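Notes for the structure review
Letter by letter, the chains look like this.
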Amino acid sequence: MNKKLNKAWLLALLPLVFFAWFFLSKTKETPLRKLAYYGPKNYGDIEDTVYHLIPDFEFTDQDNKKVTKSTLANKVYITEYFFTTCQSICPVMNKNLEKVYAEFKKRDDFLILSHTVDPETDSVPVLKNYANAHGVNDEKWKFVTGDKKALYDVARKGYLLNAEEGNGGPEDFIHTQNFALIDKDFHIRGYYDGTDVAEIERLIQETHLLLQEYDTKK
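We now turn to the structure provided with this report.

Calculation notes
Residues numbered from 1 in each chain as written. Predicted model: local features only at pLDDT ≥ 70, side-chain atom pairs only at ≥ 80, totals over all residues. Heavy atoms only, no water. Salt bridge = Lys/Arg side-chain N within 4 Å of Asp/Glu carboxyl O. Helix = DSSP H or I, 4+ residues; strand = E, 2+ residues; numbered from the N terminus. Buried < 20%, exposed > 50% of the residue type's maximum accessible area, 1.4 Å probe, protein only. Right-handed = clockwise from strand over helix to strand, strands pointing away. Pairing = 2+ DSSP bridges. Contact = heavy atoms within 4.5 Å. Phe/Tyr/Trp six-rings, centres within 6.5 Å; stacked < 30°, edge-to-face > 60°. Lys NZ or Arg CZ within 6 Å of the ring centre and 35° of its normal. Expected span 1.5 Å × (residues − 1). Polar contact = N/O pair within 3.5 Å; in protein donor to acceptor, adjacent residues only side chain to side chain.

Bringing the pattern of salt bridges into the picture now. Applying the stated criterion across every chain yields a total of 18 salt bridges. K65 is paired through a salt bridge with E139; the nearest N and O atoms lie 3.0 Å apart. Residue K65 is found in the loop between β3 (58-60) and β4 (66-68), and its partner E139 is found in the loop between α3 (124-133) and β7 (141-144); the two are separated by 74 residues along the sequence. Here E206 makes a salt bridge to R202, at a shortest N to O gap of 3.4 Å.

Here's what the structure looks like:
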């Protein structure tokens with residue numbers, strides 16, 4: 001009789017044990033997935049890793065304001081290269097970036113930085129009209145122009161968006177559909193095909209992840 005009673009108690013307790021385990025496993029905090037770092041790395045004497053950094057730069061945005069690394073301090077940002085007269089991939093890329101802009105424009109620590117590859121054509125007024133056409137009326141999406149060699153150097157040596165060598169001369173031209181995701185410490189944390197809808201969704205998800213990485217440090 002006692003054996004039957006004990007067995008009945010055990011059977012009654014099993015569902016409670018299961019639900020307790022299930023509740024605890026769901027409420028336990030799951031560590032955030034961290035994004036990788038891209039670019040060449042240097043290793044110090046004490047095995048510290050020094051990740052690739054975006055170099056200093058100075059350009060001018062659609063509001064005729066200077067844009068430097070200081071402008072982007074403490075911001076996660078997405079960068080691209082385009083030109084306003086492009087009729088192939090650029091309209092698709094920037095249409096897709098409108099979705100990213102809408103997703104994050106309420107955050108003070110987020111920004112999109114779009115560099116022209118045709119500074120001779122893309123003057124400040126031209127970029128202003130282009131920004132207006134994409135519904136940009138704030139500081140969260142900057143379209144920048146400047147010295148062609150400087151623009152191309154940071155694309156190649158900073159963002160690593162183009163592997164071809166060039167000197168920024170009249171015959172030099174960069175045309176890439178890739179976006180780069182940059183963290184608040186100016187490290188590259190992701191690359192994305194700006195013409196691919198699935199890649200844009202991945203960009204949005206990973207931008208959220210990167211921002212959460214900083215939110216947890218507050």
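In terms of burial, strand β6 (residues 110-116) is largely enclosed, as 7 of its 7 residues are buried. Across the two faces of β6 the burial is the same, with F110, I112, S114 and T116 and L111, L113 and H115 all buried. Between strand β5 (residues 76-82) and its parallel partner β6, the chain crosses via helix α2 (residues 89-104), and the hand of that crossover is right-handed. Judged from the 4 bridges that link them, β6 and β7 form a sheet pairing that is parallel. Bridge pairing links I112 to W141 in β7. Handedness of the crossover joining β6 and β7 through α3: right-handed.

Time to look at the environment of L151. On the secondary structure map, L151 appears in helix α4 (residues 148-158). When its relative accessible area of 0% is taken as the criterion, L151 is described as buried. For the pair L151 and I174, spaced 23 residues apart in sequence, the C-alpha separation works out to 10.0 Å. With residues up to four places along the chain from it excluded, the contact list for L151 reads F59, Y81, H115, T116, P119, T145 and G146.

What follows concerns the pairing of strand β8 (residues 178-182). Burial analysis of β8 places 4 of its 5 residues in the buried class, the great majority of the element. Of the strand pairs in this sheet, β5 and β8 are connected by 3 bridges, and their pairing is antiparallel. Opposite I78, over in β8, you have L181 as the bridge partner. Bridge count between β8 and strand β9 (residues 188-193): 5 bridges; the pairing is antiparallel. For N178, the partnering residue across the bridge sits in β9 and is D193.

One pass over the full model with this rule turns up 12 aromatic pairs. Through a chain of ring-to-ring contacts, three or more aromatic side chains come together here, namely F82, Y101, Y130, W141 and F143. Over the face of the ring belonging to F186 we find K69, whose NZ or CZ atom lies 4.5 Å from the ring centre. Residue placement shows R189 over the ring face of Y37; its charged tip is 3.9 Å from the ring centre.

On to helix α5 (residues 197-215). For α5, with 19 residues, the first-to-last C-alpha span of 27 Å sits near the 27 Å given by 1.5 Å per residue. Those residues of α5 not exposed but buried are I200, L203, I204, E206, T207, L209, L210, L211, E213 and Y214. On its buried face, α5 is in contact with β5, α2, β6, β8 and β9. Two or three places before A198, at the opening of α5, D196 has a side-chain oxygen 2.8 Å from that residue's backbone nitrogen.

Note that all results are geometric; they support no functional claim without further evidence.
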